[in-house]
Amino acid sequence: DLAFHVLALTLVDPDFGKEQLDLMLRSRYLHPNGQLPAYEWNFGDVNPPVHAWATIFTYRLEKARGTADVEWLERSFFKLLLNFTWWVNRKDRTGSNVFEGGFLGLDNIGVFDRSAPLPTGGYLEQADGTAWMALFCQNMLEIAAELALFKPAYIDMCQKFIEHYLWIASSLVHAGEDVGMWDEED
């Protein structure tokens, strides 16, 4: 939730907003495998990957006000890249760009613990988890494109996130037995 709170905080105090985003990316909180903490009562739970969204929002707001902190954006990008890699390696069990487990939307109410194995076995593959990853790709692409304006080496990262986005978009259409993730009856 901190990433969402930062959106409002940044409108009032951009420096404080950036400090809050930096807080979760510090080595004290960012797990060595790249997972960001979920909340104070269980760091290991999973929440939607919205930190990159808050980062690009904060940067663009500052830029609109006449100051663009490219160094901060680049520092954040490296840490967010660790988090992106964690998502791809840990939440895409079959390598099919369908993301699973953890949260359902942004609700905090569930019939069972979504971060633990399902009580009846199996796996929970989610259209919304997959859509959140598509947004994560778009946000990382925006950051990489902005950084590429100052350092052309980031152009390769732009291509990486375009490819990931297209793989994820394709998975929404071709998940399972070519039925996609849309169920007309539901």
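The sections below set out a description of the structure shown in this document. Here the structure is a predicted model, which means the values were calculated and not measured. (Residues numbered from 1 in each chain as written. Predicted model: local features only at pLDDT ≥ 70, side-chain atom pairs only at ≥ 80, totals over all residues. Heavy atoms only, no water.)

## As for the nonpolar core
Step number 1: Counting 40 residues, the largest nonpolar core has Phe77, Met133, Met140 and Ile143 as its most contacted members.
Step number 2: Of all the elements in the fold, those that place two or more residues in this core are α1 (2-12), α2 (14-25), α3 (51-64), α4 (70-90), α5 (127-148) and α6 (155-178).
Step number 3: Other than its neighbours up to four places away in sequence, Met133 contacts Pro49, Phe84, Trp87, Val88, Phe99 and Ile168. (Core = buried A, V, L, I, M, F, W, Y, C linked by side-chain atoms within 4.5 Å. Buried < 20%, exposed > 50% of the residue type's maximum accessible area, 1.4 Å probe, protein only. Helix = DSSP H or I, 4+ residues; strand = E, 2+ residues; numbered from the N terminus. Contact = heavy atoms within 4.5 Å.)

## Here we look at a nonpolar patch on the surface
Step number 1: A surface patch of nonpolar side chains, about 300 Å² in accessible area, is lined by Leu11, Val12 and Phe57.
Step number 2: As for its placement among the helices and strands, Phe57 is situated in helix α3. (Patch = residues over 30% accessible without salt bridge, like charges linked within 9 Å, V, L, I, M, F, W, Y side chains within 5 Å. Areas by Shrake-Rupley, 256 points an atom, 1.4 Å probe, with all protein chains shown as cover. Salt bridge = Lys/Arg side-chain N within 4 Å of Asp/Glu carboxyl O.)

## Some remarks on the packing of aromatic side chains
Step number 1: Taken as a whole and assessed by the stated rule, the structure comprises eight aromatic pairs.
Step number 2: Between Phe84 and Phe161, the aromatic rings sit 5.0 Å apart at their centres with planes inclined by 80 degrees, giving edge-to-face as the arrangement. Taken as a pair, Phe84 in helix α4 and Phe161 in helix α6 lie far apart in primary sequence, 77 residues in all.
Step number 3: With relative accessibility at 0%, the residue Phe161 sits in the buried group. (Phe/Tyr/Trp six-rings, centres within 6.5 Å; stacked < 30°, edge-to-face > 60°.)

## Points about the pattern of salt bridges
Step number 1: Within this structure, the stated rule accounts for six salt bridges.
Step number 2: Note that Glu142 and Arg60 form a salt bridge whose closest N and O atoms lie 3.3 Å from each other. Note that Glu142 is positioned in helix α5 and Arg60 in helix α3, a separation of 82 residues in sequence.
Step number 3: Judged by its relative accessible area of 30%, Glu142 is partly exposed.
Step number 4: On the accessibility criterion, Arg60 (35% relative accessible area) is partly exposed.

## Some details on the packing of α3 against α4
Step number 1: Running from amino to carboxyl end, α3 crosses α4 at an angle of 175 degrees, the nearest separation of the two axes being 11 Å. As summarised for this structure, α3 and α4 are arranged roughly antiparallel, according to the angle between their axes. Each of His51, Ala52, Thr55, Thr58 and Tyr59 in α3 lies in contact with α4, whose residues at this interface are Val70, Trp72, Leu73, Ser76 and Leu80.
Step number 2: Here the residues of the contact of α3 with α4 are counted per class, giving six nonpolar, four polar and no charged. (Axes fitted to C-alpha atoms, helices over the stretch in contact; angles between N-to-C directions. Parallel < 35°, antiparallel > 145°, perpendicular 65-115°, else oblique. Nonpolar A, V, L, I, M, F, W, Y, C, P; charged D, E, K, R; others polar.)

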